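# Per-entry structural report
Each chain, letter by letter, is given below.
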Amino acid sequence: NMLAKVMSGALLGIDAYEVSVEVDIINRGLPVFTMVGLPDGAVKEGKERIRSALKNSGFDFPTNRTTINLAPADIKKEGAAFDLPIALGIIQATRQLKTSILKDYLVVGELALSGKLRPVKGVLPLTLLARRLKKKGILLPMENAREAGVVEGIDTYPLVSLSQAVSFLTGGIGIEPLKISLQDAFAAGNVYEDDFTDTLGQEQAKRALEVAAAGGHNILMIGPPGAGKTMLARRLPTILPDMTLEDAIEITKIHSVSGLLDSRQVLVTERPFRTPHHTISDAGMIGGGHTPRPGEISLAHNGVLFLDEFPEFRKNVLESLRQPLEDGKVTISRSVVSLTYPSSLMLVGASNMCDCGHMGDPRKECRCTPSQIHRYRSKFSGPLLDRIDIHCEVSPVNFKELSEERKGDPSAVIRKRVNDARRIQTERYRDKRVFCNSRMNPKQIKKYCEVDSEGKKLLELAVNKLGLSARAYTRLLKVSRTIADLAADEKIRPNHISEAIQYRTFDRSL
């Protein structure tokens, strides 16, 4: 009876957990190959890949009764990353590999029939797991090495093939562990192609985006097609506050688990910008599916989720965004397991004013009937609209603005102002579980959003004239607080309130 054990790992949400691959080969009985421990199709098919890889690498595949257990046995295992640990376990159990150092390493990798190694998903969380388990190193495919190399305190050994893994373990060849400086990778990033100087005119919309970025507010841009809504939204990540290293690692984890990192990429250092199409399903948006995957809101974590043609999204998809927007995380529950993915993002919606899109367009006449306009407006989900602090009208740029030489502030200048405003907020909410103005609770709004008598008159006028709901009223106060922070003013002044009132277009037009 021959037994071997190899340490590997699997993904659960954006983190990895330890899986021990146990191989038992019995000399008597029929030649049966059994795999237990809730393997899915891709794991079970590994048997055929491993058989060919062993043969083509010059090793024998056991003809005796072979049992492979993936423990813990009650969580479903998926993917092809167990190929390499199982193959090494078989080689060790059949005494073709005589070494005791295999237990010091965490092993992942998919095998090709030739014995070559193919990349797998989620290597960053797996490397962090190896470090947590105090392993000496991690053995993984060459293409995943850069992504794993940024984790300090653990050696990353890039491998090309199964036979190379065996000769490394037996001391036949030495492999230099790959080291990449996390600080250098982080410092080299944060370079955006786009810039706010690319957009001519649109001063009002740029200002609204600056306020949104400074307070972490969700924003809805309304205007005719071709007014530049998408162009503006694309440049929003360039003025969001500077990312911390923790933010970058968290985004990289999500992208790693989703298989979106290319082999050259070490760390995601730019804030994500996701633009799902309006035909997306709710599983695509918030995550889930048969084997749960992060949805668009998690891929946009620490960045921007841009919903163009906002009212065209299915109602249930928009409704499903409410909770994750409030909580900054999304939990997907399945019968066996419950996964949590982070989803702390800025929501940017873009919409026309009416069906044909030309309402409010000075160049073209709107042909919609009042009932059509009413029907179009009713598509906006009330509860979700309530979670959007800023509404801003974007009108087409006229020739005078296009031909003007004067360019607005570049992104770097705006980002500095946003950083300064965020610093004031960090200071203010230091001991609270809040990190920006948009997250204030009613108690905090009462404490930090005091207004003088002149400001109160303005607010009363707004509430009575525009018929604002109680929710919209608190939105007004939050946005006023952010505008005051941008001006580095401790008090909310009447001019801050009047600017905030301008950002409730939709309440007026509805």
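First, a word on scope: everything that follows refers to the structure included in this document. (Residues numbered from 1 in each chain as written. Predicted model: local features only at pLDDT ≥ 70, side-chain atom pairs only at ≥ 80, totals over all residues. Heavy atoms only, no water.)

### Describing the side chain of Ser 344
Filter applied, for reference: A run of H or I in DSSP counts as a helix once it spans at least four residues, and a run of E counts as a strand once it spans at least two, with each numbered from the N terminus. Any residue under 20% of the maximum accessible area for its type is buried, any over 50% is exposed, and the rest in between are partly exposed; the area is computed with a 1.4 Å probe on protein chains only. Whether two residues touch is decided by their heavy atoms; if any such pair falls within 4.5 Å, the residues are in contact.
Mapped onto the fold, Ser 344 is located in the loop between β14 (338-342) and β15 (346-351). Looking at Ser 344, the relative accessible area reads 17%, which means it is buried. Look past the residues within four positions of Ser 344 in its chain and what remains in contact with it is Ala 300, His 301, Asn 302, Gly 303, Gly 328, Phe 435 and Arg 439.

### Here's the deal with the packing of aromatic side chains
Two descriptors summarise a pair of aromatic rings, namely the distance from one centre to the other and the angle between the planes of the rings. Our working rule: Side-chain rings of Phe, Tyr and Trp (the six-membered ring for Trp) are treated as a pair once their centres are within 6.5 Å; stacked means planes under 30 degrees apart, edge-to-face means over 60, and tilted covers the remaining angles. Whether a charge sits over a ring depends on NZ of Lys or CZ of Arg being within 6 Å of the ring centre and within 35 degrees of the ring normal.
This structure, assessed with the given rule, holds six aromatic pairs. A centroid spacing of 4.8 Å and a plane angle of 40° characterise the contact between Tyr 157 and Phe 168, whose relative ring orientation is tilted. With a gap of eleven residues between them, Tyr 157 in strand β9 (residues 155-159) and Phe 168 in helix α6 (residues 162-169) connect regions that are remote in the sequence. Residues Tyr 157 and Phe 168 agree in their burial class; the two are buried. Both rings, one in Tyr 429 and one in Tyr 448, keep their centres 5.6 Å apart while their planes meet at 80°; by these two values the pair is edge-to-face. Of this pair, Tyr 429 sits in the loop between α18 (411-428) and α19 (442-448) while Tyr 448 sits in helix α19, placing them 19 residues apart in sequence. Across the pair, exposure class does not vary: Tyr 429 and Tyr 448 are buried alike. Among the aromatic side chains, those forming a connected cluster through ring pairs are Tyr 105, Tyr 157 and Phe 168. Above the face of the Tyr 448 ring, Arg 428 is positioned so that its terminal group lies 5.9 Å from the ring centre.

### Quick word on the packing of helix α8 (residues 203-215) against helix α21 (residues 470-486)
This is how it is decided: Lines fitted to the C-alpha atoms define the axes, with helices restricted to the stretch that makes contact. Angles between their N-to-C directions range from 0 to 180 degrees. Throughout, the term roughly parallel applies to angles under 35 degrees, roughly antiparallel to angles over 145, roughly perpendicular to angles from 65 to 115, and oblique to all others. Only Asp, Glu, Lys and Arg are considered charged in this grouping, and only Ala, Val, Leu, Ile, Met, Phe, Trp, Tyr, Cys and Pro are considered nonpolar; every other residue, Gly among them, is considered polar.
Taken N-terminus to C-terminus, the directions of α8 and α21 make an angle of 95°; their axes are 9 Å apart at the nearest point. Judged on the interaxial angle alone, α21 and α8 are roughly perpendicular. Mapping the contact onto sequence places Arg 207, Glu 210, Val 211, Ala 214 and Gly 215 in α8 and Val 479, Thr 482, Ile 483 and Leu 486 in α21. Across the contact of α8 with α21, the residue classes break down as five nonpolar, two polar and two charged.

### Let's talk about the pairing of strand β3 (residues 33-36)
Spelled out, the test is: In short, DSSP must find at least two bridges between two strands for them to pair.
Burial along β3 is one-sided: Phe 33 and Met 35 are buried, while Thr 34 and Val 36, pointing the other way, are not. With four bridges connecting them, β3 and strand β4 (residues 65-71) associate as parallel partners. Each residue of the ladder has a partner; that of Phe 33, found in β4, is Thr 66.

### Re the sheet that holds strand β16 (residues 390-393)
With respect to topology, five strands assemble into an open sheet ordered β11-β12-β15-β10-β16, the strand pairing being parallel. Across the chains shown, the open sheet's two edge strands, defined by having one partner strand only, are β11 (273-274) and β16. As judged from the four bridges shared by strand β10 (residues 219-222) and β16, these two strands associate in the parallel manner. Note that in β16 the partner of Ile 219 across the bridge is Ile 390.

### Observations regarding the environment of Lys 47
Relative to the assigned elements, Lys 47 resides in helix α2 (residues 46-56). Judged by its relative accessible area of 22%, Lys 47 is partly exposed. Sequence spacing of Lys 47 and Lys 457 is 410 residues, and the spatial spacing of their C-alpha atoms is 75 Å. In this structure Lys 47 touches Phe 33 and Met 35, once residues within four positions along its chain are discounted.

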